[in-house]
Amino acid sequence: MRQGGFGKWCGAVAVGLLLAGGCGAPPEDDTSPDTDTHQRSSPGSVSAVLVVNRTTFVASEDVTVSVTLINTSTRPVRLLQWKTPGTGHKEDRLQVTRDGQPAEYIGAHYKRPAPTAEDFVTLAPGERLTGDVVVSEDYDLTTTGTYTFRYLLDPQRDGELAGFASNAVSLFIEGRKSRREEEATRREPFASALTYEGCSQEQQHAVSDAVRNGQDYASAAYSYLGTHKTPALSTRYLTLFGLYSPGNWTRATNHFLKIRDAFQTQAISVNCACDNSAYAYVYKNQPYTIHVCKAFWPAPATGQDSKAGTLLHEMSHFTVVADTHDHAYGRVRVLAMALTNPLLALTNADTLEYFAENQPFLP
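Every chain's residues receive numbers from 1 upward, in the order its sequence appears when written. Confidence filtering applies because this is a predicted model: local features only for residues at pLDDT of at least 70, side-chain atom pairs given and counted only at 80 or more, and all residues used for totals across whole chains, interfaces and linings. Each side-chain value is worked out from all heavy atoms of the structure, with water and hydrogens disregarded.

**Examining the packing of helix α7 (residues 246-265) against helix α11 (residues 349-357)**
Move 1: Here an angle of 0 to 180 degrees is reported between the N-to-C directions of two axes, which are lines fitted to C-alpha atoms, with helices fitted over the stretch in contact. Numbering goes from the N terminus for both helices and strands, where a helix is a DSSP run of H or I of at least four residues and a strand is a run of E of at least two. The interhelical angle for the contact between α7 and α11, taken along N-to-C directions, is 80°, at an axis separation of 12 Å. Considering their axes alone, α7 and α11 lie roughly perpendicular with respect to each other. Facing H255, F256 and I259 of α7, the residues of α11 in contact are L352, F355 and A356.
Move 2: Following the grouping adopted for this structure description, the nonpolar residues are Ala, Val, Leu, Ile, Met, Phe, Trp, Tyr, Cys and Pro, the charged ones are Asp, Glu, Lys and Arg, and the polar ones are all others, Gly among them. In terms of residue class, the contact of α7 with α11 is built from five nonpolar, one polar and no charged. In this scheme, roughly parallel covers angles under 35 degrees and roughly antiparallel covers those over 145, while 65 to 115 is roughly perpendicular and the rest are oblique. For this analysis, residues touch if any pair of their heavy atoms sits within 4.5 Å.

Structure representation (structure tokens):
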């Protein structure tokens, strides 16, 4: 998924700090955490409560949990709707474990433009927002066991400056395949390197160019890393990936090699039917299908936040390619991550995209 630029960074910080009145307001003093029932709360923050009406689910049943967010401050707070429960829930907001081991998120990974006013939900002081999250659609529940859930914003995982976590609930769930995975296995293999679903002729031309340019970006990034093998020769590497080590350099090189090879050798399907405001999204365990959305079409062919960069960003997400995440969005936050956490930068899709697009140019 994607957000970029100062406005995108500002919007993300507004969610991370759960501030009232918009980005830039200072957080209020912390209070002691209450890990039994609510978040690590502070005045001016949001409390999260997770509820289920049963504790056992058989394989034929959807697993749904109800989440309530409560504005515990004395002023309004704004939340990005895709980080709230209910119909707006389009992100990995749950921490899920099975018998103590993490359960994989298999839902969509979006690349988004800068949020607009319509993308925020405002909670008045004391107001609650309640919505259901259908866990069985977005998390790997293939193995029977006891699953534990929390609804959270994790500062380390999500690249935010502050976070919250709900209470934990445990459910016994009989293993099942997701409907999405079953649908994917029924599809016929593609006969050609690039196919389209729901795309007009004009859209097909744009996608074809973006695939070619995305491949060129990945090839150029791979070649660059092969010829600039010391940090003294690469302002570009130090700026976007941070502190140099031979292992980190090799890991970045391998990412671009795998992205390039995927563009060159794999049967890619691009679906143009998405009608939301994002650029694109993929399911990490369903290579190599990329769904492009409304923000994709007006994007430039190449350059920062381009069509080519969008496809490279999404290609990097696939588990069999680079298995990237969306730890930070936008150039400002990507550069900050390079300084503070190079290991996260190496697995951040926006970082790989900005390195490949190289706009503004870095030697």
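**Some words on unusual backbone geometry**
Move 1: Of note, the amide linkage connecting P287 to Y288 takes the cis form, showing an omega dihedral of -5°.
Move 2: With respect to the helices and strands, Y288 occurs in the loop between β15 (280-283) and β16 (289-292).
Move 3: Positive phi outside glycine occurs at D305, with the angle close to 55°.
Move 4: For D305, the position within the fold is in the loop between β16 and α8 (307-317).
Move 5: At N358, a position not held by glycine, the phi torsion is positive, near 50°.
Move 6: One can find N358 in the segment after α11.

**Some remarks on the pattern of salt bridges**
Pairing between side chains of opposite charge can happen when the charged atoms of each approach one another.
Move 1: Between Lys or Arg on one side and Asp or Glu on the other, a salt bridge is scored when a side-chain nitrogen of the former is within 4 Å of a carboxyl oxygen of the latter. Tallying each qualifying case throughout the model produces five salt bridges.
Move 2: Salt-bridge contacts for R260 lead to D261; the nearest nitrogen and oxygen are separated by 2.9 Å.
Move 3: Given the relative accessible area of 27%, D261 is considered partly exposed.
Move 4: The shortest N-O distance in the salt bridge between D323 and K284 comes to 2.6 Å. Of this pair, D323 sits in the loop between α8 and α9 (331-340) while K284 sits in the loop between β15 and β16, placing them 39 residues apart in sequence.
Move 5: Taking relative accessible area as the criterion, D323 reaches 32% and is therefore assigned partly exposed.
Move 6: Buried residues are those whose accessible area, probed at 1.4 Å on protein chains only, stays under 20% of the maximum for their type, while exposed residues exceed 50% and partly exposed ones sit between those limits. The exposure class of K284 is buried, given its relative accessible area of 5%.

**A word on the state of the cysteines**
Move 1: Disulfide: a pair of cysteine sulfur atoms within 2.5 Å of each other. This structure, assessed with the given rule, holds two disulfides.
Move 2: Each disulfide pairs two cysteine sulfurs, and for C199 the partner residue is C272, the sulfurs being separated by 2.0 Å. Between C199 and C272 the sulfur-sulfur dihedral comes to about 85°; the bridge is accordingly right-handed. With a gap of 73 residues between them, C199 in the loop between β13 (194-197) and α5 (201-227) and C272 in the loop between β14 (268-271) and β15 connect regions that are remote in the sequence. Exposure class is identical for C199 and C272. Each is buried.
Move 3: There is a disulfide in this structure between C274 and C293, and the S-S distance comes to 2.1 Å.

**A closer look at the sheet that holds β13**
Move 1: Spatial ordering of the open sheet is given by β7-β15-β16-β14-β13, a layout of five strands whose pairing is mixed. Every other strand in the sheet has two partners, leaving β7 (108-111) and β13 as the edge strands with one partner each. Strand-to-strand twist across the sheet, computed as the mean angle between neighbouring axes with direction ignored, equals 25°.
Move 2: Pairing analysis gives three bridges linking β14 to β16, with the strands arranged parallel. By definition, two strands form a pair when at least two bridges between them are found by DSSP.

**Remarks on the sheet that holds strand β1 (residues 46-51)**
Move 1: Spatially, the three strands line up as an open sheet ordered β1-β3-β9, and their pairing is antiparallel. Each end of this open sheet is capped by a strand with a single partner; those strands are β1 and β9 (128-134). Averaged over all pairs of adjacent strands, the angle between strand axes in this sheet comes to 20°, irrespective of strand direction.
Move 2: Sheet topology note: the β1/strand β3 (residues 64-71) ladder contains six bridges and is antiparallel. Across the sheet, the residue bridging to V49 is T68, located in β3.

**A short note on the packing of aromatic side chains**
Move 1: Two aromatic rings from Phe, Tyr or Trp, using only the six-membered ring of Trp, form a pair when their centres are within 6.5 Å; if the ring planes differ by under 30 degrees the pair is stacked, by over 60 it is edge-to-face, and anything between is tilted. Scanning all chains against the criterion turns up twelve aromatic pairs.
Move 2: An angle of 70° between the planes, with centres 5.6 Å apart, marks the rings of Y244 and W249 as edge-to-face.
Move 3: On the accessibility criterion, W249 (6% relative accessible area) is buried.
Move 4: Counting every residue linked through ring pairs, the aromatic cluster contains Y224, Y237, F241, Y244, W249, F256 and F355.
Move 5: Stacked on the ring of F57, the Lys or Arg R54 has its end atom at 4.7 Å from the ring centre. Two thresholds decide whether a charge sits over a ring: the Lys NZ or Arg CZ must be within 6 Å of the ring centre and within 35 degrees of the ring normal.

**Overview of the confidence of the model for the protein**
In low-pLDDT regions, the fine details of the predicted coordinates are not to be read closely.
Move 1: The predicted model of the protein averages 82 in pLDDT, with 79% of residues at 70 or higher.
Move 2: Predictor confidence is given residue by residue as pLDDT, running from a minimum of 0 to a maximum of 100. Every residue in residues 2-44 is under pLDDT 50, and counting partners more than four places away or in other chains gives 112 contacts.

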